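Structural features, examined
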Amino acid sequence: MAEYLILIYEDENAYATASPDVFQEVMEAHNRFAQQVGEKGGKLIAGNALQPTPTATTIRGDVVTDGPFVETKEALGGYYLIDARDLDHALDIAKLCPARFGGVEVRPIMVFPQG
Amino acid sequence: MSAAGVNPEPGPDGGQADSGAGPGDESAAAVADAHRREWAFVLAATARVAGDIDLAEECVQDAYVAALDVWSRQGVPRNPGAWLTTAARRRAIDALRRDRTLRGKLPLLIEPVAPVAGSSPPPAPAGEDDVIPDDRLRLVFTCCHPALAREAQVALTLRLVCGLTTTEIAQAFLVPEPTMAARVTRAKKKISAARIAYRVPGAAELPDRLDAVLTVVHLLYTTGHMAPAGENVVRGDLVERAIDLARMLRSLMPDEREVRGLLALLLLTDARRATRADADGRLLLLADQDRSRWDRAAIAEGLALVPGALRGGRPGRFALQAAIAALHAEAPSYAETDWRQIVQLYDVLLAAWPSPVVMLNRAVALALAEGPEAGLAQIQELERDGRLAGYRYLPAAKADLLRRLGRREEAAQAYRAAMALTENSAERDFLGRRIAETGGRPGPGNGGG
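Here is a short report on the structure shown in this document. (Residues numbered from 1 in each chain as written. Chains lettered and ligands numbered in written order. Predicted model: local features only at pLDDT ≥ 70, side-chain atom pairs only at ≥ 80, totals over all residues. Heavy atoms only, no water.)

1. A word on the overall build of chain A
What counts here: Note on conventions: DSSP H or I runs of at least 4 residues are helices, E runs of at least 2 residues are strands, and numbering of each starts at the N terminus. Each residue gets one of three labels from its accessible area relative to the maximum for its type: buried under 20%, exposed over 50%, partly exposed in between, using a 1.4 Å probe on protein chains only. Pairs of residues are marked as contacts when any of their non-hydrogen atoms sit within 4.5 Å. The protein chains shown are the only cover counted for residues, whose accessible areas, like all others here, come from Shrake-Rupley with a 1.4 Å probe. Neither His nor the chain termini are counted; the positive set is Lys and Arg, and the negative set is Asp and Glu. Charged groups are reduced to one reference atom each: NZ for lysine, CZ for arginine, CG for aspartic acid, CD for glutamic acid.
Helix and strand counts for chain A come out as three helices and six strands. Along chain A, from the amino end to the carboxyl end, the secondary structure elements read β-α-α-β-β-β-β-α-β. Along the first, second and third principal axes, the C-alpha atoms of chain A reach 45 × 40 × 20 Å. Per-residue burial for chain A yields a buried fraction of 33% across its 115 residues. A separation of at least 24 residues holds for 80% of the contacts in chain A among residues at least 6 apart in sequence. By element, 54% of the accessible surface of chain A is carried by carbon and sulfur atoms, the whole surface being about 7400 Å². Where the 9 positive side-chain charges of chain A centre and where its 17 negative ones centre are 6 Å apart.

2. As for the interface of chain A and chain B
As a reminder of what qualifies: For any pair of parts, buried area is found by adding up, for both, the accessible area (1.4 Å probe) each one loses once the two are put together. Salt bridges are defined as contacts in which a side-chain nitrogen from Lys or Arg sits within 4 Å of a carboxyl oxygen from Asp or Glu. Each polar contact in these results corresponds to two N or O atoms within 3.5 Å; when the atoms are within protein, one needs to be able to donate a hydrogen and the other to accept it, and residues that are neighboring in sequence are counted only if both atoms are side-chain atoms. Each residue receives one of three labels: charged for Asp, Glu, Lys and Arg, nonpolar for Ala, Val, Leu, Ile, Met, Phe, Trp, Tyr, Cys and Pro, and polar for the others, Gly being one of them.
Contacts between the two partners involve 10 residues from chain A and, on the opposite side, 14 residues from chain B. At the boundary of chain A with chain B, total buried surface from both sides reaches about 850 Å², with 52% on carbon and sulfur atoms. Across the chain A-chain B interface, the total number found is three salt bridges. The residue B:Arg199 makes a salt bridge to A:Asp86 at a minimum N-O spacing of 3.1 Å. Counting across the chain A and chain B interface gives six residue pairs in polar contact (both at pLDDT 80 or more). Looking at the side of chain A that touches chain B, the elements with two or more residues in it are strand 1 (2-11) and helix 3 (87-94) of chain A. Here the element with the most residues in the side of chain A that touches chain B is helix 3 of chain A; it accounts for three residues. The residue inventory of the side of chain A that touches chain B, partitioned by class, reads seven nonpolar, no polar and three charged.

3. Focus on the sheet that holds strand 6 (residues 102-108) of chain A
Pairing between sheet strands relies on hydrogen bonds along the backbone, with the strands arranged either parallel or antiparallel. Residues and elements named next belong to chain A. Cut-off, in case you're wondering: Paired strands are those between which DSSP finds at least two bridges. A fitted line through C-alpha atoms serves as each axis, taken over the contacting stretch for helices, and the angle formed by two N-to-C directions is quoted from 0 to 180°.
Taken together, four strands build an open sheet; the order of strands is 2-5-1-6 and the sheet is antiparallel. What marks the edges here is a single partner per strand, and that holds for strand 2 (43-49) and strand 6. Taken over all neighbouring pairs, the strand axes of this sheet differ in orientation by 20° on average, direction set aside. The sheet contact formed by strand 1 and strand 5 (residues 74-84) spans 10 bridges and is antiparallel. For Ile8, the partnering residue across the bridge sits in strand 5 and is Gly78. Strands strand 1, strand 5 and strand 6 of the sheet are contacted by helix 3, whose axis makes an angle of about 130° with strand 5.

4. Comments concerning unusual backbone geometry
Residue and element names in this part refer to chain B. Backbone geometry places Leu174, a non-glycine residue, at a positive phi of 55°. Mapped onto the elements, Leu174 comes out in the loop between helix 7 (166-172) and helix 8 (177-193). A positive phi angle, near 60°, is found at Arg195, a position not held by glycine.

5. A look at the environment of B:Leu284
Following the sequence through the fold, B:Leu284 ends up in the loop between helix 11 (257-270) and helix 12 (296-310). In contact with B:Leu284, other than residues within four places in its own chain, are B:Thr275, B:Arg276, B:Ala277, B:Asp278 and B:Gln289.

6. With respect to the packing of helix 17 (residues 393-404) of chain B against helix 18 (residues 408-419) of chain B
Residues and elements named next belong to chain B. Where we set the bar: Orientation categories follow fixed angle ranges, with anything under 35 degrees roughly parallel, anything over 145 roughly antiparallel, 65 to 115 roughly perpendicular, and all other angles oblique. Handedness of a crossing follows from how the near helix is turned relative to the far one, being left-handed for an anticlockwise turn of less than a right angle and right-handed for a clockwise one.
Following both chains from N to C, one finds helix 17 and helix 18 inclined at 160°, their axes separated by 8 Å at the closest point. By the angle between their axes, helix 17 is roughly antiparallel relative to helix 18. Seen along the crossing, helix 17 lies across helix 18 with a hand that is left-handed. On the side of helix 17, the interface is formed by Pro395, Ala396, Ala399, Asp400, Leu402 and Arg403, while helix 18 contributes Glu410, Ala411, Ala414, Tyr415, Ala417 and Ala418. Across the contact of helix 17 with helix 18, the residue classes break down as nine nonpolar, no polar and three charged.

7. Some points on helix 10 (residues 236-252) of chain B
For clarity, the threshold we go by: For a helix, the expected span equals 1.5 Å multiplied by the number of residues minus one.
Between its first and last C-alpha atoms helix 10 of chain B spans 24 Å; for 17 residues at 1.5 Å apiece the expected length is 24 Å, and the two agree. For helix 10 of chain B, the full list of buried residues reads B:Leu238, B:Val239, B:Arg241, B:Ala242, B:Ile243, B:Leu245, B:Ala246, B:Met248 and B:Leu249.

8. Concerning the packing of aromatic side chains
The condition that has to hold: The pairing test for Phe, Tyr and Trp rings, Trp by its six-membered ring, is centres within 6.5 Å, and the orientation test on the planes gives stacked under 30 degrees, edge-to-face over 60, and tilted for anything in between. Lysine and arginine charges are scored as sitting over a ring when NZ or CZ, respectively, is within 6 Å of the ring centre and within 35 degrees of the ring normal.
This model, assessed by the stated rule, comprises seven aromatic pairs over all chains. Between A:Tyr15 and A:Phe101, the aromatic rings sit 4.9 Å apart at their centres with planes inclined by 90°, giving edge-to-face as the arrangement. Pair noted here: A:Tyr15 is in helix 1 (residues 12-16) and A:Phe101 is in the loop between helix 3 and strand 6, with a separation of 86 residues, a long-range link. For the ring pair B:Trp39 and B:Tyr64, a centre distance of 5.6 Å and an interplane angle of 25° mean the geometry is stacked. Residue B:Trp39 is located in helix 1 (residues 23-50), and its partner B:Tyr64 is located in helix 2 (residues 53-74); the two are separated by 25 residues in the primary sequence. Across the pair, exposure class does not vary: B:Trp39 and B:Tyr64 are buried alike. Through a chain of ring-to-ring contacts, the aromatic side chains of A:Tyr15, A:Phe23 and A:Phe101 assemble into a single cluster. For the cation-ring pair, A:Arg60 lies above A:Phe69, with the distance from its terminal atom to the ring centre recorded as 4.2 Å. The ring of B:Trp353 is capped by B:Arg317, whose NZ or CZ atom sits 4.6 Å from the centre of that ring.

Pasting the structure below:
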C-alpha cells in the first residue's frame with residue numbers, strides 16, 4: 001500500500017451561491033465517500049475541507065501577502081489522504097470523491113529512503 | 001532503424017573492410033534479428049526480476065552486447081529469445097545482490113493479483129528456470145497507462161516495447177534529443193513514483209485501456225504514413241514498427257476485435273505504400289495510384305481479418321476504418337469504388353467515434369458519391385465549426401472540390417492555406433503543383449487563414 005493525496009479543486013463561487021440543499025447533498029456525498037474508501041479496499045487516513053481562498057495568506061521569502069499562492073478559477077478547497085495499492089486503485093477511489101464544481105488531482109506521497 | 005546500441009552491421013561508410021560473409025556476420029545478423037523480434041519479450045521478463053525499468057533495460061542491453069560476442073564464438077543458440085532472457089535476468093539478479101541500495105529505490109510494482117477474477121491469467125511463478133512468463137502485455141499496458149501523456153506513451157512504447165534508442169525516437173518525431181530524453185525519464189519516474197502497476201488491466205477497465213494502446217500504435221503508424229515534416233512521404237521505419245506492434249498484440253490478444261481491426265487497417269493502408277509516391281518521390285493521391293502495384297499479400301491478410309473484427313457486437317472504430325480501407329482495396333479503380341457504402345460506413349463510424357476528422361473524410365466520400373457540391377457544403381460547415389483549424393487536410397480537401405467545380409481562384413487560395421500548414425516537402429511539392437494548375441502563384445504559404 002502507498003499513500004496518495006486527493007486534492008479537491010472547485011469553483012468557490014459556486015459554493016458561495018449554493019442553496020442549503022446543495023450543501024446538504026455535498027456533505028452527504030462526502031460522508032458516503034469516507035465509507036466507500038474502505039469498501040474499495042483502501043484506507044482513509046485523513047481529510048479536511050479548507051476555508052475559502054479569501055482567508056488564505058501567502059508568504060514568499062519574508063513577504064506576507066493576502067490571498068492564495070496562485071489565483072485560479074478552481075481553487076484547492078479540501079483534501080483526503082488515502083492508502084491504496086497502486087495508482088489504478090487510488091484513481092478508482094478518487095473517481096468517487098465528490099467535486100461537483102470542479103475535479104480532483106491525485107498525487108503520490110513521496111517516500112524517502114531510510115537510513 | 002538500427003538495433004538500439006548494439007547495431008552489429010557496419011555503417012555504409014565504415015566497418016570491416018576485409019571479409020564478406022563469415023560466422024561473425026551471421027551471428028551479428030541473428031542479434032539484429034533477435035533485437036527486432038525478441039526485445040519486448042526479453043525486457044518484459046527481465047523487468048519482473050529487476051523490479052526496476054532502468055535496471056532491466058541496462059541488463060537487456062548488456063545481454064545483447066554479450067550475445068554479439070558469445071554467438072560469434074559458439075554459434076547462434078536454438079532459441080535466441082530464451083538465451084537473451086536468461087542472460088538478462090541473471091544480470092539483474094547479480095546487480096540486485098551486489099547493490100542492495102537498488103532495493104531501496106521505488107520499485108516497479110510487479111505482482112499485484114488482478115482485482116477482477118478471471119480477467120487475466122494468473123501470474124506464473126517467477127522461478128528462475130521455469131518457462132519464462134510472457135509479460136509483454138504488462139509492458140505494453142504500463143507504457144500506455146492513461147496517467148501518462150499521450151506523447152510519453154508513444155515514446156515509452158518505442159523505447160521499451162520496440163527497443164529504439166532515445167536518439168532514434170527523437171529523430172522519428174523531429175524532436176530535439178534532450179527533449180525526448182527528458183520525456184522518457186519523466187515518464188519512467190512517474191511509473192515508479194505514482195506506482196503505476198506492471199499488469200494487464202482487469203476486465204472492467206480493459207476496453208478503455210486497450211483503446212489507449214491501439215491509439216498509440218495507430219499514431220505511430222500515421223506519423224510514419226504521412227510524416228508531418230521531412231523529405232519522404234512515408235517513414236518506413238515507423239510504419240513497420242507499428243505493424244509489428246499490431247501483429248504482436250494480435251498474437252497476445254487473439255480474441256480482441258479491435259486489435260484485429262487495427263491490424264487489418266494498417267495492413268490494408270500499408271498495401272498502397274509503394275504507390276503513394278512516383279519515381280521522383282512526388283506524392284500520388286489514391287485516384288492516381290497504380291493499383292496493380294498494391295501489395296496483394298498484405299491486402300489478402302487484411303481482408304481476412306475484417307469480418308472477424310466487425311462481427312460479434314457493435315464494431316469499434318478500428319474495425320470500421322478497416323472495413324472502409326477494405327472497400328478501397330477491393331475496388332478495381334477509383335471511379336468504380338463503392339463510395340455510397342463508404343459513406344454509410346463513415347456514418348456508423350461517426351456514431352462510434354464522433355471526430356471532426358471522420359466528418360472530413362465522410363465529406364470527401366460524399367463528394368464522390370453525390371457530387372462535389374454535397375461534399376463542399378459539409379466541409380464548409382466543418383470549417384465554421386473550427387475544431388479542425390490548423391489541420392492541413394481540411395483546406396486541401398476543400399481546394400480539391402473547388403478545383404473540380406471549376407472555382408479555380410478559390411481553389412488556389414485553399415491550396416495555399418494547406419501549404420502553409422505542412423512542412424513535409426513531398427506534400428508541399430504536390431500542393432505547389434496544384435496551385436500552379438489552378439493558375440495561382442505558389443507563394444510561401446501566404447494564403448493561410
